[in-house]
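Below, each chain spelled out in residue letters.
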Amino acid sequence: MPRISASFIALAALTVAIGAIAGSTADPGVRSGPPAGSALRPSFTEEFDGDKLRPEVWRHAFKGCGRPGSIANRSLYGNRERQVYFDREFLGAGVEPFSLRNGVLTISARPLEPHVREKIREALNGQPNNIRNGALSQVGYSSGLITTKCSFQQTYGYFEIRARWTGGKGVWPAFWLLPAGGEWPPEIDVIEAHGDKPTVAFQSLHSKLHKPITRKVAMSGSSDQFHVYGVLWTPQTLDYYIDGIRTASIPTSADASKPMYLLANLAIGGKWPGDPDESTVMPARMEIDHIRVWRFAAQP
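Residues numbered from 1 in each chain as written. Predicted model: local features only at pLDDT ≥ 70, side-chain atom pairs only at ≥ 80, totals over all residues. Heavy atoms only, no water.

1. Let's talk about helix 1 (residues 114–124)
Residue pairs spaced three or four apart in an α-helix point in one direction, given the helix's 3.6 residues per turn. Where we set the bar: Burial classification: accessible surface area is computed with a 1.4 Å probe over protein chains only, and a residue below 20% of its type maximum counts as buried, one above 50% as exposed, and the rest as partly exposed. Only DSSP runs of H or I covering at least 4 residues are called helices, and only runs of E covering at least 2 are called strands; the numbering of each starts at the N terminus. To be clear, the arc concerns the directions from the helix axis to the C-beta atoms.
Those residues of helix 1 not exposed but buried are Val116, Ile120 and Leu124. Angular distribution of buried residues about the axis of helix 1 spans 80°; they occupy a single face of the element.

2. Thoughts on the layout of surface pockets
Heads up, the condition is: Here a cavity denotes a set of grid points, spaced 1 Å apart and computed over the protein atoms alone, in which a 1.4 Å probe fits but from which it cannot get out, and a pocket denotes an open set meeting protein on both sides within 12 Å along at least five of seven lines; residues with an atom within 4 Å of a point are reported as lining. Grid points are joined across faces, edges and corners, and a volume is the space filled by probe spheres set on the points. We call Asp, Glu, Lys and Arg charged. Ala, Val, Leu, Ile, Met, Phe, Trp, Tyr, Cys and Pro are nonpolar, and the rest, Gly among them, are polar.
Taken as a whole, the largest pocket spans an internal volume of roughly 470 Å³. Along the wall of the largest pocket there are 21 residues; nearest its centre are Pro55, Trp58, His60, Asp87 and Glu89. Looking at the lining of the largest pocket, its residues break down into seven nonpolar, four polar and ten charged.

3. With respect to the nonpolar core
A general tendency of soluble globular proteins is for nonpolar side chains to be buried together. Note the cut-off: Residue types Ala, Val, Leu, Ile, Met, Phe, Trp, Tyr and Cys, when buried and joined through side-chain atoms within 4.5 Å, form a set referred to as a nonpolar core. We call two residues in contact whenever any of their non-hydrogen atoms come within 4.5 Å of each other.
The biggest cluster of nonpolar side chains holds 54 residues, and the ones touching the most others in it are Ile146, Ile161, Ile288 and Ile291. Counting residues per element, this core draws most heavily on strand 17 (residues 284–296), which supplies seven residues. If we ignore the near neighbours within four places in the chain, the residues touching isoleucine 161 are Phe175, Ile191, His227, Val228, Tyr229, Ala264, Met286, Ile288, His290 and Ile291.

4. Here we look at the pattern of salt bridges
For clarity, the cut-off: Each reported salt bridge corresponds to a side-chain nitrogen of Lys or Arg within 4 Å of a carboxyl oxygen of Asp or Glu.
All told, the structure shown has eleven salt bridges when counted by the stated rule. Arginine 88 is the partner of glutamate 96 in a salt bridge, and the nearest nitrogen-oxygen pair spans 3.7 Å. Two residues, arginine 246 and aspartate 239, come together in a salt bridge whose shortest N-O distance is 3.7 Å. Aspartate 239 sits in the buried class, given a relative accessible area of 10%.

5. Some thoughts on the state of the cysteines
Applicable threshold: By convention in this document, the label disulfide applies to cysteine sulfur atom pairs within 2.5 Å.
In total, this model carries one disulfide according to the counting rule given. Here cysteine 65 engages in a disulfide with cysteine 150; their sulfurs sit 1.5 Å apart. Disulfide cysteine 65-cysteine 150: torsion about the S-S bond near -45°, hence left-handed. With a gap of 85 residues between them, cysteine 65 in the loop between strand 2 (40–46) and strand 3 (83–85) and cysteine 150 in the loop between strand 7 (145–147) and strand 8 (157–165) connect regions that are remote in the sequence.

6. What to know about the environment of aspartate 189
The criterion, for reference: Within 3.5 Å is the distance limit for a polar contact, defined as a pair of N or O atoms, with the added protein rule that one can donate a hydrogen and the other accept it, and that residues adjacent in sequence qualify only through two side-chain atoms.
Within the secondary structure layout, aspartate 189 lies in strand 10 (residues 187–192). Since its relative accessible area comes to 0%, aspartate 189 is described here as buried. Along the sequence, aspartate 189 and glutamine 203 sit 14 residues apart, while their C-alpha atoms lie 5.6 Å from each other. Side chain to side chain, aspartate 189 and histidine 206 meet in a polar contact 3.4 Å long.

Interpretation in functional terms is not warranted from these geometric data alone.
See the structure below:
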């Protein structure tokens, strides 16, 4: 998702007719997986079939492995986002943004309760002045992030999510890839959306070598219906798909040819989507049916 330098994003409009998936079961007319004829095989699958997230796979902070991470690693405050990413143990606040039912993960974002605000205030007291007195001091929501940092990474292949989300200004779901080495950019955004633009998807590449490239895709159907979003990542191109139809193509930058891990999250507010208003129904939700990855049989 566009991070830190969002003010420099250049949007290129692209209108594509895309079929929608309605309900929580797969539409037989929409195929999962890489484009036909691609020589790939499965390398990662998450169907969310259990009653809780697998702790050996999914973490909830931007840095660290096996540790909860500080408050500074629980929000991208450089984007002036208004949420903190919680799990049940974080800060001892008892906030649980995740639920699993019938093979679907739901990430819920909601306004902070007074005792949670106090926990955040206490956590910020231990941070440097620029963090303590910055955008994190103005957060107003809890939400959730899942990431395979330290458990799964891959260079090239096909990366896919089947998901939907609720609408309203400031709702900002994303499925994206970041380098396992910890540097930024590059960043590959398979799908980002704004809740108040239910028929629009954003598909992007961030690079040190050029300004961010974002394709703005007009979809048929809407984001409150399940769709399959994917990217075929090769050394030459990033080909983006929605419901099996190619929607955008961006040249792969030289710095975007390294192992990357997966992230899916529901951000709230920020410089790019704007903050929630009276149209934003809370709790906001992102529902994920599956996340799947394929790798090339022979590495390109």
